Amino acid sequence: MLRLVCTNTIYPEHSIIGTSALKIRIEQLNTIVGDINGNTKQVLGALSRASEAGMDLLVLPELAISGYPPMDLLERAVFRDAVYRANEKIIQSTGNTAILFGSFVSNEGPGRRMFNAALLAHNGKLISTTHKTLLPTYDIFDEFRYFEPNRSFDVVEFAGHKLGITICEDIWNTENEIIYHVYDQNPAARLKEKGAEILFNVSASPFSKGKAPLRLKMLQKHARELQIPIIYANQVGANTEVLFDGDSMALQADGSVVATTEMFEASFTDVLWKDGQLKSLSEYVVRDFSIEERIYKALVMGIRDYLDKSGLKRNLILGLSGGIDSALVATMACEAVGARNVTGLTMPSEFSSEGSVTDSQKLARALGMSIHEVPIKSLFNEFSTALSPLFEGTEFNVAEENLQSRIRGGLLMAMSNKFGSILLNTGNKSELAVGYCTLYGDMNGGLSVISDLYKQEVYALSNWLNDSYFGREVIPYDTINKPPSAELRPDQKDSDSLPDYDVLDDILKRYIEDQLSRDEIVGSGHGAETVDRVLKLVDLNEYKRRQSPPGLRLSAKAFGIGRRLPIVQRWTGHEADV
């Protein structure tokens, strides 16, 4: 699974050179939560390669042994002890090349059982252990649940240099996409005051759509304000819904970036630190991705790692409706595992348009994936006949609409069970937000790929794929251009039940991600009646989201482990009453 990307350079045989120079490798690993043996093997492999290349110091990400986020595995004594043994094995394996790696260590004093730590080892001995100071407890983070915070600061003496060592949040003390905390400590500044000549940060900083430029801005601000070079090593890969882009780098004290890694891939870069200056020893990787390309790379990585790290076959199935959502997910599935490993089912009913089938077939041909047609009209009629005594005297309504979705969901799950395929859910964030989806129907699946993309973002990414990535029509233009519809009743369109998506998505983003109040959203120009309706739909459909598959996280506030709201509550609709 590990693929290292770098333009390799042969270095002369090394030794620690006192105060003159240090050859430093920054490597981002794609670790698996809980795979202590596998992660340790990755660390030792990186150490061996760095030693062969003549590096003086190898820098690795946060919690590289346990993987991030380990969550309640940390509560198990047997898990903690296994990590402690792995720490010791790595320490004893060091020789001329030192290693700085993230792990956790035992707290022998009062407080929580562990410290989130960065360990520096050299020549078989532990040189220093640095504890993390700022423990995030917001969104997907819950570190204060497990770890005791650091309460003192000092530099680390190594090879005649004074190193300032920090861990992830320690340098995010004042800036983030959503400001949850204003910390009263600035670890980077404290270490500079203590005489640090260079700042290291071992990190497991998750990807989000706006994170890369914000991260760079934050690192440059530290470098310029403190007049200190920075070595930043971040995790890469996906663990369940949390995506990591890597984005490791080295910056001069003036904030200029001198060395970079490949984003979304296990990779490394080498630098020489001499006379207070950093010089790249590797090819500079240009990473001026568009936001669409970043999203695409992140989601493809998320699909692939979800399968591989879970020990699942690279064998995927999904429903193809002829609509934009399933077309986009199918495209990414084929990119992630190869088109020969992806199967689509198109399941037309009496309410389906001709394009439901023909557009699905056109997409499958363009991608090279398999597609099968399984009409559901007869199945729907069988259900309707069985239910007719109970439904007598009632009008066709959401019950019959959802029945069609559940028939399709059942067929897809049958294929999944029969052939060992993983069913990909194709619902987007707009629909999931307002509950425009069916439990035990189109909400079925093992992984929700685009649950953190609003409908308009789905269109933007689909157009980018055709126009820029493929340079040809892969997602059919008819799919992109036709009005979105669930096709569960005659002449149905999404706009019959929901505001137009440009209006809906803007309200949703302001409410979910920007966390604005009802009055603030109305004040932005949206009609009060529309805002009230949308907010009510969002809050009252929390019960559906609790039962949805894990969804790949792309935003600063995604549905899932980072957004915790009650199902039973009486706040919605009463904000103006207090």
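Structure: see above.
The written sequence of each chain sets the order in which its residues are numbered from 1. Totals for whole chains, interfaces and linings use all residues, but because this is a predicted model, local features are given only for residues with pLDDT of at least 70 and pairs of side-chain atoms are given and counted only at 80 or more. Excluding hydrogens and water, the side-chain figures rest on all heavy atoms present in the structure.

Caption draft 1: Spatial organisation of the overall build of the protein chain. Counting its regular elements, the protein chain contains 16 helices and 20 strands. In this description the radius of gyration comes from C-alpha coordinates, and the expected globular size is given by 2.2 Å times residues to the power 0.38. Computed over C-alpha atoms, the radius of gyration of the protein chain comes to 26 Å, within 12% of the 25 Å expected from 2.2 N^0.38 for 578 residues, which places it in the range of a compact globule. Expressed as lengths along the three principal axes of its C-alpha atoms, the size of the protein chain is roughly 85 × 60 × 45 Å. Any residue under 20% of the maximum accessible area for its type is buried, any over 50% is exposed, and the rest in between are partly exposed; the area is computed with a 1.4 Å probe on protein chains only. Looking at the 578 residues of the protein chain, the share that counts as buried comes to 57%. Only four residue types enter the tally: Lys and Arg on the positive side, Asp and Glu on the negative side; His and the chain ends are excluded. In this description, the location of a charge corresponds to atom NZ of lysine, CZ of arginine, CG of aspartate or CD of glutamate. The centroid of the 60 positive side-chain charges in the protein chain is displaced by 5 Å from the centroid of its 75 negative side-chain charges. Strands here are runs of E lasting at least two residues and helices are runs of H or I lasting at least four, both read from the DSSP assignment and numbered beginning at the N terminus.

Caption draft 2: Structural detail: the environment of L278. Summarising the element assignment, L278 is placed in strand β15 (residues 277–280). Overall, L278 belongs to the buried group, its relative accessible area being 4%. When the C-alpha atoms of L278 and A259 are compared, they prove to be 8.8 Å apart, with 19 residues separating the residues in sequence. Residues in contact with L278, not counting those within four places in the same chain, are I198, P229, I230, I231, A250, L251, Q252, V258, V271, L272 and W273. Residue contacts follow a heavy-atom distance rule, with two residues in contact if any of their heavy atoms lie within 4.5 Å.

Caption draft 3: Region of the structure containing the sheet that holds strand β9 (residues 230–234). Think of it this way: DSSP has to see at least two bridges between two strands before they count as a pair. Across the sheet, 6 strands lie side by side as β6-β7-β8-β9-β12-β13; this open sheet has mixed pairing. Either end of the sheet is taken by a strand with one partner, and the two such strands are β6 (156–158) and β13 (257–260). Taking each pair of neighbouring strands and ignoring which way they run, the sheet shows an average axis angle of 25°. Judged from the 3 bridges that link them, strand β12 (residues 249–251) and β13 form a sheet pairing that is antiparallel. Each residue of the ladder has a partner; that of L251, found in β13, is V257. For helices, the fitted axis covers only the stretch in contact; all axes are lines through C-alpha atoms, and the angles between them, taken along N-to-C directions, range from 0 to 180 degrees.

Caption draft 4: View of the pattern of salt bridges. A pairing counts as a salt bridge when a side-chain nitrogen of Lys or Arg comes within 4 Å of a carboxyl oxygen of Asp or Glu. Applying the stated criterion across every chain yields a total of 32 salt bridges. A salt bridge links D519 to R518, with the shortest nitrogen-to-oxygen separation between them at 2.9 Å. Its relative accessible area of 48% is what places D519 among the partly exposed residues. Overall, the relative accessible area of 23% leaves R518 in the partly exposed class.

Caption draft 5: The sheet that holds strand β14 (residues 267–274), seen in detail. The 7 strands are arranged β5-β4-β3-β2-β1-β14-β15 in an open sheet whose pairing can be described as mixed. What marks the edges here is a single partner per strand, and that holds for β5 (125–131) and β15. Each strand of the sheet is rotated relative to its neighbour by a mean of 35°, with strand direction disregarded. One ladder, built from 8 bridges, connects strand β1 (residues 21–28) with β14; its direction is antiparallel. From the neighbouring strand, R25 faces β14, where its bridge partner is D270. This element, helix α2 (residues 77–92), spans β3 (98–106), β4 (114–122) and β5 of the sheet and lies at about 160° to β3.

Caption draft 6: View of the pairing of β5. Bridging between β4 and β5 involves 6 bridges; their strand directions are antiparallel. Bridging across to β5, A117 finds its partner in H131. Two successive antiparallel strands, β4 and β5, enclose a turn made up of 2 residues, where N123 displays a positive phi of approximately 50°.

Caption draft 7: Seen up close, the packing of aromatic side chains. Here a pair means two rings of Phe, Tyr or Trp (six-membered ring of Trp) with centres within 6.5 Å. Their orientation is stacked below 30 degrees between planes, edge-to-face above 60, and tilted elsewhere. Tallied over the full model, the rule gives 12 aromatic pairs. An angle of 65° between the planes, with centres 6.4 Å apart, marks the rings of Y146 and F147 as edge-to-face. An identical accessibility class is assigned to Y146 and F147; each is buried. Here, a charge over a ring is recorded when the distance from Lys NZ or Arg CZ to the ring centre is within 6 Å and its angle to the ring normal is within 35 degrees. The cationic tip of K211 hangs over the ring face of W172; the distance from NZ or CZ to the ring centre is 5.0 Å. The ring centre of F559 lies 4.6 Å from the NZ or CZ of R545, which sits over that ring.

Caption draft 8: Highlighting the side chain of R287. Within the secondary structure layout, R287 lies in the loop between β15 and α5 (291–310). Residue class for R287 comes out buried when judged on its relative accessible area of 15%. A polar side-chain atom of R287 sits 2.8 Å from a polar atom in the side chain of D247. Setting aside residues no more than four positions away along its own chain, R287 makes contact with D247, S248, M249, T260, T261, M263 and R294. Contacts described as polar in this section are N or O atom pairs within 3.5 Å, which, within protein, must combine one atom able to donate a hydrogen with one able to accept it, while residues neighboring in sequence count only if both atoms come from side chains.

Caption draft 9: Spatial organisation of the side chain of Q220. Considering the arrangement of structural elements, one finds Q220 in helix α4 (residues 211–226). Apart from the residues within four sequence positions on either side, Q220 is in contact with L251, G255 and V257.

Caption draft 10: Focus on the packing of α5 against helix α11 (residues 455–470). Closest axis-to-axis distance for the α5/α11 pair is 10 Å, and the angle between their directions is 100°. Comparing their axes, α11 and α5 come out roughly perpendicular. Contacts between α5 and α11 pair E292, E293, I295 and Y296 from the former with A460, L461, W464, L465, Y469 and F470 from the latter. Looking at the contact of α5 with α11 residue by residue, the class counts come to 8 nonpolar, no polar and 2 charged. Oblique is the label for any angle not covered by the other classes, which are roughly parallel (under 35 degrees), roughly antiparallel (over 145) and roughly perpendicular (65 to 115). Each residue is assigned to one class: nonpolar for Ala, Val, Leu, Ile, Met, Phe, Trp, Tyr, Cys and Pro, charged for Asp, Glu, Lys and Arg, and polar for all the others, Gly among them.

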